[in-house]
Amino acid sequence: MLRYLNLALLVAYPVAWCAPLMRAGLLPLFGLSEISVMTGLQSLWASDVFLALVVTVFALFAPYLKTIGLALLHWDLLSPRCLPALRVLGKLAMADIFLIALYITLTKGIGVGRIEVAWGLYLLTACILASLWIGLRTEQKRDTRTTVSDSET
């Protein structure tokens, strides 16, 4: 079951990246524009290339590479010795949720703009939490197999 749930993330992540995370506007009287991971990255690439590169690594590459790595591991195409590297990728992937939370908190704290959370934020959060859970369960299964094989020898 883990392997199929993990494969589903390969489809869910790109949907979450394009889905609206929030709707933001400067003043309550004006319309709100939808912000997604992709539109946020487009804005960053236009204004701050270094920050855009960092966010791209955290928001796109880290979670997707971890998901691909776990898929390869589930289908026995990757050595279990790669689990520590996949764990690091998982920790990097949590950074994008932190950045979004920080953005919402700062905007609401200033009181000038208006932010409404959209369904994409929940989807992205679910993808990252599912990936974290799949990674933990995969490690537990590998540890159980190792413990059983060690006790048999």
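Residues numbered from 1 in each chain as written. Predicted model: local features only at pLDDT ≥ 70, side-chain atom pairs only at ≥ 80, totals over all residues. Heavy atoms only, no water.

1. Structural notes on the UniProt feature "transmembrane region" (unreviewed entry) in the protein
Basically, it comes down to this: UniProt positions are given in the numbering used here, feature names are shortened, and annotations may be inferred rather than shown by experiment. Under the DSSP-based scheme used, a helix requires at least four consecutive residues in state H or I and a strand at least two consecutive residues in state E, with every element numbered from the N terminus.
Under the local residue numbering, the UniProt record ascribes the feature "transmembrane region" (unreviewed entry) to residues 42–65, 86–105 and 117–136. For residues 117–136, helix accounts for 90% and strand for 5%, while the C-alpha atoms at its two ends are 28 Å apart.

2. A few points about the nonpolar core
What counts is decided by this rule: We define a nonpolar core as any set of buried Ala, Val, Leu, Ile, Met, Phe, Trp, Tyr and Cys residues linked to one another through side-chain atoms lying within 4.5 Å. To sort residues, take the accessible area from a 1.4 Å probe on protein chains only and compare it with the maximum for the residue type: under 20% means buried, over 50% means exposed, and anything in between is partly exposed. Whether two residues touch is decided by their heavy atoms; if any such pair falls within 4.5 Å, the residues are in contact.
Core analysis: the largest hydrophobic core is formed by 27 residues, its most contacted members being Y13, W17, L21, V37, L124 and C127. For this core, the secondary-structure elements that each account for two or more residues are α1 (2–18), β1 (22–25), α2 (37–47), α3 (49–74), α4 (83–93) and α6 (119–152). Other than its neighbours up to four places away in sequence, W17 contacts S36, V37, M38, A59, L60, P63, Y64 and L124.

3. A few points about the packing of α2 against α3
Heads up, the condition is: Every axis in this analysis is a line fitted to C-alpha atoms, fitted for helices over the stretch in contact. Angles between the N-to-C directions lie between 0 and 180 degrees. When an angle is under 35 degrees it counts as roughly parallel; over 145 it counts as roughly antiparallel; between 65 and 115 it counts as roughly perpendicular; any other value is oblique. Crossing handedness: left-handed means the near helix sits turned counterclockwise from the far one by under a right angle, and right-handed means the same turn made clockwise.
Running from amino to carboxyl end, α2 crosses α3 at an angle of 155°, the nearest separation of the two axes being 7 Å. Viewed along their axes, α2 and α3 adopt a mutual orientation that is roughly antiparallel. The element α2 and its partner α3 pack so that their crossing is left-handed. Counted together, V37, M38, L41, L44, W45 and S47 of α2 and V49, L51, A52, L53, V55, T56, A59 and L60 of α3 form the full contact between these two elements.

4. Observations regarding the packing of α1 against α3
Filter applied, for reference: Residue type decides the class: Asp, Glu, Lys and Arg count as charged, Ala, Val, Leu, Ile, Met, Phe, Trp, Tyr, Cys and Pro as nonpolar, and the leftover types, Gly among them, as polar.
Look at α1 against α3: their axes get within 9 Å of each other, and the N-to-C directions meet at 160°. It follows that α1 is roughly antiparallel to α3 by the angle criterion. Along this stretch, α1 crosses α3, giving a crossing that reads as left-handed. Counted together, L2, R3, N6, L7, L9, L10, Y13, P14 and W17 of α1 and A59, L60, P63, Y64, T67, I68, L70, A71 and H74 of α3 form the full contact between these two elements. For the contact of α1 with α3, the per-class residue count stands at 14 nonpolar, three polar and one charged.

5. Some points on the packing of aromatic side chains
Condition: When two rings of Phe, Tyr or Trp (its six-membered ring) have centres within 6.5 Å they constitute a pair, described as stacked for plane angles under 30 degrees, edge-to-face for angles over 60, and tilted for the intermediate range. Two thresholds decide whether a charge sits over a ring: the Lys NZ or Arg CZ must be within 6 Å of the ring centre and within 35 degrees of the ring normal.
Scanning the entire structure with this criterion turns up three aromatic pairs. Judged by centre distance (5.7 Å) and plane angle (25°), the ring pair of Y13 and W17 falls under stacked. With Y13 and W17 both in helix α1 and four residues apart, the pair spans about one turn of that helix. Pair check on accessibility: Y13 and W17 agree, each one buried. You can call W17 buried: its relative accessible area is 9%. Pairwise contacts between aromatic rings join Y13, W17 and Y64 into one cluster. If you follow R3 out to its NZ or CZ, it ends over the ring of W75, 3.9 Å from the centre.

6. Here we look at unusual backbone geometry
Note on backbone geometry: most residues besides glycine have negative phi, and most peptide bonds are trans. In this structure, D76 takes a positive phi of about 60° despite not being glycine. In this structure, D76 sits in the loop between α3 and α4.

7. What about α2?
This is how it is decided: The directions considered for the arc run from the helix axis to the C-beta atoms. Pairs of N or O atoms within 3.5 Å make up the polar contacts considered here, provided that, within protein, one atom can donate a hydrogen while the other can accept it, and that residues adjacent in sequence are counted only when both atoms are side-chain atoms.
Every buried residue of α2 is listed here: V37, L41 and L44. With its buried residues spanning 60° around the axis, α2 presents them on a single face. Facing away from the buried surface of α2 by more than 90 degrees, the exposed residues are Q42, A46 and S47. Where α2 begins, the side chain of S36 points an oxygen toward the backbone nitrogen of M38, at a separation of 3.3 Å.

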